[in-house]
Amino acid sequence: MPVLVFPLTFATHLFKTKQGMNNYELMVIFTPVLSEDDFKAAQKKYTSLLKENGGKVVHENPWGLRSLAYPIKKKTTGLYWVLEYDAPSDFNEKLKIQLLRDENILRYISTRLDKYAVEYNQKKRSGVPTGTEKVEA
Amino acid sequence: MAKVNEIKYLTAIKTEKRQKKYCRFKKFRIRYIDYKDAEFLKKFLNEQGRLLPRRITGNSLKYQRKVAQAVKKARQMALLPTIIDLLK
């Protein structure tokens, strides 16, 4: 009988995160009318929601006020906030309900990150060149 | 009958060879295309903010798809304009 040897290199992604946990990234645009404190409170609301549901914050990055490329809900600027997190796969549904209910939010997007994306984000945070600088127009 | 070395052309034939296009992502080993990096994505757009075809950028199909996804996400989050005159 031939013995099937399953190469470990193919299965490493299974051990990387806990069962059912995935890497995600959330980007939210809040209305520019929020004050500094309101903006922070809104961020905290979602990070605490994440922690309640067994998630973990990897990195938070409030970009702050930026002009939008086109108006959304008659606003030309928005407060951007980027959150990287690990969460169980059912968390995003719960988060979606909260985000849609929130009137301070113009728009949001949540993306699942693959291993290359996680690596890229880590590099970008620590200031290591990510390789995109070399690409000329 | 004219011999091969006697043939003369009215217009000079092109001798310089055009450099072959390559996929930047394969060459520089870029595995992930970030939708948050709008400046980077602008390299793959024309002046109206529309996506350039593969025959011009030289991207491989795999990465052209990823660029397209990233551009669409960036547009959704108002990092890139949907359509505009003179983006650059």
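Residues numbered from 1 in each chain as written. Chains lettered and ligands numbered in written order. Predicted model: local features only at pLDDT ≥ 70, side-chain atom pairs only at ≥ 80, totals over all residues.

**Observations concerning the overall build of chain B**
Working step 1: On a plain count of helices and strands, chain B comes out with 4 helices and 0 strands.
Working step 2: Secondary structure of chain B in N-to-C order comes out as α-α-α-α.
Working step 3: Its C-alpha atoms give chain B principal-axis dimensions of roughly 70 × 30 × 15 Å.
Working step 4: Taking all 88 residues of chain B together, the buried fraction comes to 22%.
Working step 5: Considering only contacts within chain B whose residues lie at least 6 apart along the sequence, 72% involve residues at least 24 apart. (Helix = DSSP H or I, 4+ residues; strand = E, 2+ residues; numbered from the N terminus. Buried ≥ 20, exposed ≤ 12 C-beta atoms within 10 Å, placed from the backbone. Contact = placed C-beta atoms within 7 Å.)

**Concerning the overall build of chain A**
Working step 1: Within chain A, the secondary structure is distributed over 4 helices and 4 strands.
Working step 2: N-terminal to C-terminal, the α/β element order of chain A is α-β-α-β-β-α-β-α.
Working step 3: Buried positions account for 19% of the 137 residues belonging to chain A.
Working step 4: Partitioning the contacts of chain A with sequence separation of at least 6, the portion at a separation of at least 24 is 75%.

**Considerations on the interface of chain A and chain B**
Working step 1: Listed as interface residues are 17 residues of chain A and, on the opposing side, 19 residues of chain B.
Working step 2: Within the residue set of the side of chain A that touches chain B, elements represented by two or more residues are strand 1 (21–30), strand 2 (56–72), strand 4 (105–112) and helix 4 (115–126) of chain A.
Working step 3: The dominant element in the side of chain A that touches chain B, judged by the number of residues it contributes, is strand 2 of chain A, at 4 residues.
Working step 4: In terms of residue class, the side of chain A that touches chain B is made up of 13 nonpolar, 2 polar and 2 charged. (Nonpolar A, V, L, I, M, F, W, Y, C, P; charged D, E, K, R; others polar.)

**Description of the sheet that holds strand 4 of chain A**
All names here are of chain A.
Working step 1: Read from one edge to the other, the open sheet built from 4 strands follows the order 2-3-1-4, with strand pairing classed as antiparallel. Looking along the sheet, the strands with just one partner apiece sit at the ends: strand 2 and strand 4. Each strand of the sheet is rotated relative to its neighbour by a mean of 20 degrees, with strand direction disregarded.
Working step 2: Where helix 2 (residues 36–52) meets the sheet, its contacts fall on strand 1, strand 2 and strand 3 (75–88), and the angle it forms with strand 3 comes to roughly 20 degrees. (Pairing = 2+ DSSP bridges. Axes fitted to C-alpha atoms, helices over the stretch in contact; angles between N-to-C directions.)

**Brief notes about helix 2 of chain A**
Working step 1: If you check helix 2 of chain A, its first and last C-alpha atoms are 24 Å apart, about what 17 residues at 1.5 Å a residue would give, namely 24 Å.
Working step 2: With its phi angle positive at about 80 degrees, G54 of chain A sits one or two positions after the end of helix 2 of chain A. (Expected span 1.5 Å × (residues − 1).)

**Some thoughts on the nonpolar core**
For soluble globular proteins, nonpolar side chains are generally found buried alongside one another.
Working step 1: In terms of nonpolar packing, the biggest core is built from 33 residues, with I29 and F30 of chain A together with L41, A70, V71 and A74 of chain B touching the most fellow members.
Working step 2: For this core, the secondary structure elements donating two or more residues are strand 1, helix 2, strand 3, helix 3 (91–101) and strand 4 of chain A together with helix 4 (61–76) of chain B.
Working step 3: The element best represented in this core is strand 3 of chain A, accounting for 6 residues.
Working step 4: Not counting chain neighbours up to four residues away, the residues in contact with F30 of chain A comprise F39, A42, G78, L79, W81, N104, I105 and L106 of chain A. (Core = buried A, V, L, I, M, F, W, Y, C linked by C-beta atoms within 7 Å.)

**Looking at the pairing of strand 1 of chain A**
The two faces of the sheet receive side chains in turn, since in a regular strand these alternate between them.
Residues and elements named next belong to chain A.
Working step 1: Burial within strand 1 is extensive, with 7 of its 10 residues counted as buried.
Working step 2: Note that strand 1 and strand 3 share 10 bridges and pair antiparallel. Paired with L26 across the bridge in strand 3 is L83.

**A few points about the confidence of the model for chain B**
All names here are of chain B.
Working step 1: Predicted confidence across chain B gives a mean pLDDT of 84, with 93% of residues reaching 70 or more.
Working step 2: Per-element mean pLDDT across chain B ranges from 86 in helix 1 (residues 24–27) up to 92 in helix 4.
Working step 3: This complex was scored by the predictor with a pTM of 0.76 and an ipTM of 0.74. (pLDDT = per-residue confidence, 0-100.)

**Structural notes on unusual backbone geometry**
Working step 1: A positive phi angle, near 65 degrees, is found at K74 of chain A, a position not held by glycine.
Working step 2: By the element assignment, K74 of chain A lies in the loop between strand 2 and strand 3.

**What to know about the environment of Y70 of chain A**
Working step 1: Examined against the element boundaries, Y70 of chain A turns out to sit in strand 2.
Working step 2: Residues Y70 of chain A and Q43 of chain A, 27 residues apart in the sequence, show an inter-C-alpha distance of 24 Å.
Working step 3: Residues within four places of Y70 of chain A in sequence aside, it is in contact with A78, P81 and T82 of chain B.

**Thoughts on the environment of L68 of chain A**
Working step 1: Turning to its location among the elements, L68 of chain A is positioned in strand 2.
Working step 2: In this structure the C-alpha to C-alpha distance between L68 of chain A and R125 of chain A, which are 57 residues apart in sequence, comes to 24 Å.
Working step 3: Those residues in contact with L68 of chain A that sit more than four places away from it in its chain are T76, T77 and G78 of chain A together with A78 of chain B.

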